[in-house]
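This is what each chain is made of:
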Amino acid sequence: MPQVTDATEDGLPGALPAFAELVLDLVERIPPGRVMTYGDVAEYLDQGGPRQVGRVMALYGGSVPWWRVVRADGRLLPGHEQRALAHYGEEATPLRDLADPIRVDLRRARWDGR
DNA sequence: GTGCTGACACAGG
DNA sequence: ACCTGTGCCAGCA
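Calculation criteria
Residues numbered from 1 in each chain as written. Chains lettered and ligands numbered in written order. Predicted model: local features only at pLDDT ≥ 70, side-chain atom pairs only at ≥ 80, totals over all residues. Heavy atoms only, no water. Buried < 20%, exposed > 50% of the residue type's maximum accessible area, 1.4 Å probe, protein only. Helix = DSSP H or I, 4+ residues; strand = E, 2+ residues; numbered from the N terminus. Contact = heavy atoms within 4.5 Å. Core = buried A, V, L, I, M, F, W, Y, C linked by side-chain atoms within 4.5 Å. Near = heavy atom within 4 Å. Polar contact = N/O pair within 3.5 Å; in protein donor to acceptor, adjacent residues only side chain to side chain. Arc of directions from axis to C-beta. Nonpolar A, V, L, I, M, F, W, Y, C, P; charged D, E, K, R; others polar. Salt bridge = Lys/Arg side-chain N within 4 Å of Asp/Glu carboxyl O.

S.K.: Before we move on, could you go through helix 2 (residues 38–45) and cite the residues and values that matter?
M.R.: Turning to helix 2, its buried residues are Tyr38, Asp40, Val41, Ala42 and Leu45. Structurally, helix 2 contributes buried residues whose contacts are with helix 1 (18–28), strand 1 (36–37), helix 3 (50–60) and strand 2 (69–70). Note on helix 2: the residue one or two positions beyond its end, aspartate 46, has a positive phi of about 60°.

Right under this line is the structure:
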């Protein structure tokens, strides 16, 4: 059926919470070389908060370009820096440093959905 | 219903 | 650069 099932009801197995769907959809459409902060994602969706976004990413982030979602400081996910750095190299994401805590240059890489 | 947890943000030290 | 406390909201035992 061409109709889109409302995933708000998690009665079906494999169905994700509505908020999770929104977050994943948004993250998936972040263009290469760009990033969004957790707070930005929540603000863009106009619901939930940074923590909820983080939780969704922790659970389902494995299916989306999670490296395009960083902290407000531009810092990467602890433990995944190496992984994200490899992607940044491919997507030419502007970085601020390479020695100290690897940080993204939000000044240029921040994506606001436009 | 309560309480803890979490891939956060911000302010202070 | 680091850690701590507080506020925020959703999911789960």
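Still to come is the rest of the account.
S.K.: Before we move on, could you go through the nonpolar core and cite the residues and values that matter?
M.R.: With 31 residues, the main nonpolar core has Val23, Val53, Met57 and Tyr88 as its most contacted residues. Contributing elements (two or more residues each) for this core: helix 1, helix 2, helix 3, strand 2, helix 4 (81–91) and helix 5 (106–109). Not counting residues up to four positions away in its chain, the partners in contact with valine 23 are Val41, Leu45, Val53, Val56 and Met57.

S.K.: Please set out the protein's contact with DNA strand B residue by residue, giving values where relevant.
M.R.: In the neighbourhood of DNA strand B, 14 residues make up the surrounding shell, with Arg51, Gln52, Met57, Ala58 and Leu77 lying closest. If you look at DNA strand B and keep only atoms within 4 Å of the protein, 36% of those are sugar or phosphate atoms. In this structure, a base nitrogen belonging to DNA strand B sits 2.4 Å away from a side-chain N or O atom of glutamine 52. Between DNA strand B and the protein, one listed contact pairs a base nitrogen with a backbone N or O atom of methionine 57 at 2.9 Å. For the surface near DNA strand B, the elements supplying multiple residues, two or more each, are helix 2 and helix 3.

S.K.: An account of helix 4 is requested, with residue identities and associated values reported.
M.R.: Buried residues of helix 4: Ala84, His87, Tyr88 and Glu91, and no others. What you see down the axis of helix 4 is that its buried residues fit within an arc of 105°, all on one side. Projecting away from the buried face of helix 4 at angles above 90 degrees are the exposed residues Gln82, Gly89 and Glu90. Buried positions along helix 4 lie against strand 2. Phi for alanine 92, located one or two positions after helix 4, is positive at around 60°.

S.K.: Before we move on, can you summarise the protein's contact with DNA strand C with the specific residues and values?
M.R.: Neighbouring residues of DNA strand C: Pro17, Gly48, Arg51, Gln52, Arg55, Arg75, Asp100 and Pro101. Here the atoms of DNA strand C within 4 Å of the protein split so that 62% fall in sugar or phosphate, with bases taking the remainder. Contact distances for DNA strand C include 2.5 Å between a base oxygen and a side-chain N or O atom of arginine 51. Note that a sugar or linking oxygen of DNA strand C is positioned 2.3 Å from one of the side-chain N or O atoms of arginine 55. Its residues placed into classes, the surface near DNA strand C shows 2 nonpolar, 2 polar and 4 charged.

S.K.: Break down the pattern of salt bridges for me, citing the residues and quoting the values.
M.R.: Taken as a whole, this structure holds 5 salt bridges when the rule is applied. Residues arginine 108 and aspartate 105 are paired through a salt bridge, measuring 3.5 Å at the closest nitrogen-oxygen approach. Residue class for arginine 108 comes out exposed when judged on its relative accessible area of 54%. Among the ionic pairs, aspartate 112 bridges to arginine 114, the shortest N-O distance being 2.7 Å.

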